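Examination of the molecular architecture
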Amino acid sequence: MDTGSGTDMGAGGGTGTGGVAGTSTGTSAGTDTGATPGAGTASGAGTGAGGPAGLRDFYENPAVPVASGDARSRRQARLLAAALDRPGALVLDVGCGDGTAAAVAGPILAGHRIVGVDWSHDALRRARPRMSHVVRGEVDGGGLPFADGCADAVLFSEVIEHLVDPDRAMDELRRVLRPGGHLMLSTPNLAAWYNRALLLAGRQPVFSEVSLRGIHGRPGTEVVGHLRLFTARALRSFLRSAGFEDVRVSAAPFHGVPRGLRLIDRAACAVPSAASILLAHARRG
């Protein structure tokens, strides 16, 4: 697939890096988030993508994309706003990146409290002007610095594809969610319509990567650190096995699709199994 027009099809819709590695610290001043005292760790050791020093360095590199597509952020926020049954809900944006997605979602989720969580110091530095509350935390190692069952909802947007141990991440997200709490997860679709064509042509699918040093065999120019990729069927099965219920998968377009193909990409959202971005909504059992 020729992406053309200088458009990069490599990034998985942009990504937050929260929870892939590193340390957990307290909350920003004046924030009451149910944080558990002393929940932080002293190093980046763990089973997530940040365990190896090279990956820790990769995700702290300011050149690594951490922004997310606005269309995905709006769709995800609307789904969550419709699901939340009371005002003042605590929403943890785990893997908030530079806060761009939260800034887009904020007006839609007005009346609820959004707390940004990320492992990357650089991402949090950029997120602070866009979010009123940010916390440094991880989904492995020492875990998130929040009490059990404190959150009404968790946003986990374009993070799971960066994890070495997604099972442990789901355990941690389930821990901080209250019973019946909402998980809103998004991730690139391995079986996106253009990836099917690329595989038939013997090309590496978009979103997939074989190296952190360069692009090999697929369109795009940016290395973004994708380690895991899901189809819609695999994502449903994975979330159910992690203890989540009422799993529903919808779709969003990918902002990196070349301009001439964007109408096709938006139309593909009617069939989530072939869309660019998978949006999963599940509840903690």
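Residues numbered from 1 in each chain as written. Predicted model: local features only at pLDDT ≥ 70, side-chain atom pairs only at ≥ 80, totals over all residues. Heavy atoms only, no water.

Take the sheet that holds strand E5 (residues 177–188) next. Backbone-to-backbone hydrogen bonds join strands into a sheet, with any given pair of strands oriented parallel or antiparallel. Strand order in the open sheet formed by seven strands is E3-E2-E1-E4-E5-E7-E6, with mixed pairing between adjacent strands. Each end of this open sheet is capped by a strand with a single partner; those strands are strand E3 (134–136) and strand E6 (244–252). Across the sheet, the axes of successive neighbouring strands diverge by a mean angle of 20°, strand direction being ignored. Here E6 runs beside strand E7 (residues 277–284); their pairing, made up of seven bridges, is antiparallel. (Pairing = 2+ DSSP bridges. Helix = DSSP H or I, 4+ residues; strand = E, 2+ residues; numbered from the N terminus. Axes fitted to C-alpha atoms, helices over the stretch in contact; angles between N-to-C directions.)

As for its placement among the helices and strands, Arg203 is situated in the loop between helix H6 (193–200) and helix H7 (232–241). C-alpha of Arg203 to C-alpha of Gly217: the two residues are 14 residues apart in sequence and 5.8 Å apart in space.

Further remarks concern the environment of Pro219. Mapping Pro219 onto the fold places it in the loop between H6 and H7. When its relative accessible area of 6% is taken as the criterion, Pro219 is described as buried. For Pro219 and Phe207, which are 12 residues apart along the polypeptide, the C-alpha to C-alpha distance reads 9.1 Å. (Buried < 20%, exposed > 50% of the residue type's maximum accessible area, 1.4 Å probe, protein only.)

All right, on to the packing of aromatic side chains then. Considering all chains together, one arrives at four aromatic pairs under this definition. Note on Phe207 and Phe254: the rings are 5.2 Å apart at their centroids and 65° apart in plane angle, and the pair reads as edge-to-face. Of this pair, Phe207 sits in the loop between H6 and H7 while Phe254 sits in the loop between E6 and helix H8 (262–268), placing them 47 residues apart in sequence. Grouping residues by exposure puts Phe207 and Phe254 together as buried. Among the aromatic side chains, those forming a connected cluster through ring pairs are Trp193, Tyr194, Phe207 and Phe254. (Phe/Tyr/Trp six-rings, centres within 6.5 Å; stacked < 30°, edge-to-face > 60°.)

Further remarks concern helix H5 (residues 166–176). Turning to H5, its buried residues number three or more, namely Pro166, Ala169, Met170, Glu172, Leu173 and Val176. Seen along its axis, H5 keeps its buried residues to an arc of 165°; they face one direction. (Arc of directions from axis to C-beta.)

Here we take up the confidence of the model for the chain. For the chain, the mean per-residue pLDDT works out to 83, and 78% of the residues sit at or above 70. pLDDT under 50 marks residues 1–7. Its contacts with residues more than four places away, or in other chains, come to 13 contacts. Between residues 18–51, whose pLDDT stays under 50, and residues either more than four places distant or in other chains, the model counts 103 contacts. (pLDDT = per-residue confidence, 0-100. Contact = heavy atoms within 4.5 Å.)

Counting across every chain of the model gives nine salt bridges. Between Arg175 and Glu172 there is a salt bridge whose closest N-O contact spans 2.7 Å. Of this pair, Arg175 and Glu172 are both found in helix H5, three residues apart, which corresponds to roughly one turn of the helix. The class for Glu172 is buried, based on a relative accessible area of 11%. Here Glu209 makes a salt bridge to Arg218, at a shortest N to O gap of 2.9 Å. Relative accessible area serves as the criterion here: at 16%, Glu209 is assigned to the buried category. When salt bridges that share partners are traced, they join Arg86, Asp152 and Arg178 into one network. (Salt bridge = Lys/Arg side-chain N within 4 Å of Asp/Glu carboxyl O.)

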